[in-house]
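So the chains spell out like this:
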Amino acid sequence: MTDENSQGGVGPILKLESFLPYRLSVLSNRVSAAIAQDYAERFDMTVPEWRTMAALGEHPGLSAAEVASFTEMDKVAVSRTVARMLEAGRLTRTTASNDRRRSILKLSAAGQRIYRQIVPVARAHEANLVAALGAEERRQLDRLLDKLFAAATADLKRGKR
């Protein structure tokens, strides 16, 4: 006899379609994929390149490690992304005067032009997504996301002890 909560005697099963971390991951992937189509077609840019550009557009002068931390991307992925963007002329890299080991990344003039063009595209995608919600639902979503972010951060810190 098979328990409806188990699969072939392996114990309880997890229904992914109702598991919040899975649902958030799939939603994030779908949103990123939709926006990435525009990035790729209009700007010949990948999602990691856009995230790096967005981080440096908001916070010029970050190091690659700081970009990785800010965007929560893998350091190796950021390193490869920075190399591609430097080669494409979208970033500049200088050495910090107070710490010769630290590189300072900034958007180049070409990178700034792309950033100014891509921000409205990203905002339009965001507007299309939240258009499904009323004003109060948007405020509630923001509050709920803040709570979930804080809970996930606390959970991560507990795991690092």
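Above this text is the structure in question.
Below, the structure is looked at part by part. Given the structure is predicted, the values throughout are model-derived calculations rather than measurements. (Residues numbered from 1 in each chain as written. Predicted model: local features only at pLDDT ≥ 70, side-chain atom pairs only at ≥ 80, totals over all residues. Heavy atoms only, no water.)

A separate point is the side chain of Arg90. Its place among the elements puts Arg90 in the loop between helix 4 (75-87) and strand 1 (91-95). There is a polar contact of 2.7 Å between the side chain of Arg90 and the backbone oxygen of Phe43. Residues within four places of Arg90 in sequence aside, it is in contact with Phe43, Asp44, Met45, Met53, Met85, Lys106, Leu107, Ser108, Gly111 and Ile114. (Helix = DSSP H or I, 4+ residues; strand = E, 2+ residues; numbered from the N terminus. Polar contact = N/O pair within 3.5 Å; in protein donor to acceptor, adjacent residues only side chain to side chain. Contact = heavy atoms within 4.5 Å.)

Residues Tyr39, Met45, Trp50, Met53 and Leu56 are the most contacted members of the largest nonpolar core, which totals 22 residues. Elements with a contribution of two residues or more to this core: helix 1 (20-43), helix 2 (47-58), helix 3 (64-71), helix 4, strand 2 (103-107) and helix 5 (109-130). Residues in contact with Trp50, not counting those within four places in the same chain, are Tyr39, Met45, Tyr115, Ile118, Val119 and Ala122. (Core = buried A, V, L, I, M, F, W, Y, C linked by side-chain atoms within 4.5 Å. Buried < 20%, exposed > 50% of the residue type's maximum accessible area, 1.4 Å probe, protein only.)

This paragraph deals with the packing of helix 1 against helix 5. Relative to each other, helix 1 and helix 5 sit at 150°, their axes nearing to 11 Å. It follows that helix 1 is roughly antiparallel to helix 5 by the angle criterion. Classified by chirality, the crossing of helix 5 by helix 1 is right-handed. Counting all contacts with helix 1, which are made through Val31, Ala34, Ile35, Asp38, Tyr39, Arg42 and Phe43, the residues of helix 5 involved are Ile114, Gln117, Ile118, Val121, Ala122, His125 and Leu129. Residue composition of the contact of helix 1 with helix 5, grouped by class: ten nonpolar, two polar and two charged. (Axes fitted to C-alpha atoms, helices over the stretch in contact; angles between N-to-C directions. Parallel < 35°, antiparallel > 145°, perpendicular 65-115°, else oblique. Left-handed = near helix turned anticlockwise from the far one by under 90°. Nonpolar A, V, L, I, M, F, W, Y, C, P; charged D, E, K, R; others polar.)

What follows deals with unusual backbone geometry. Of note, Asp44 is a non-glycine position whose phi angle comes to about 50°, a positive value. Mapped onto the fold, Asp44 is located in the loop between helix 1 and helix 2. Positive phi outside glycine occurs at Glu72, with the angle close to 60°. Tracing the sequence through the fold places Glu72 in the loop between helix 3 and helix 4.

Turning our eyes to something else, we now look at the environment of Thr92. Along the chain, the position of Thr92 falls in strand 1. Sequence separation between Thr92 and Val82 is ten residues; the distance between their C-alpha atoms is 9.4 Å.

This paragraph deals with the packing of aromatic side chains. Taken as a whole and judged by the stated rule, the model has two aromatic pairs. Residues Tyr39 and Trp50 carry aromatic rings whose centres are separated by 5.3 Å and whose planes lie at 45° to one another, so their mutual orientation is tilted. One end of the pair, Tyr39, is in helix 1; the other, Trp50, is in helix 2, with eleven residues separating them in the sequence. Each member of the pair, Tyr39 together with Trp50, is buried. Among the aromatic side chains, those forming a connected cluster through ring pairs are Tyr39, Trp50 and Tyr115. (Phe/Tyr/Trp six-rings, centres within 6.5 Å; stacked < 30°, edge-to-face > 60°.)

Looking at where Ser32 falls in the secondary structure, it is placed in helix 1. Within the local environment of Ser32, its side chain forms a polar contact with the side chain of Arg51, the two groups lying 3.2 Å apart. The contact partners of Ser32, leaving out residues within four places of it in the chain, are Val47 and Arg51.

Limitation: the analysis is restricted to geometry and does not speak to function.
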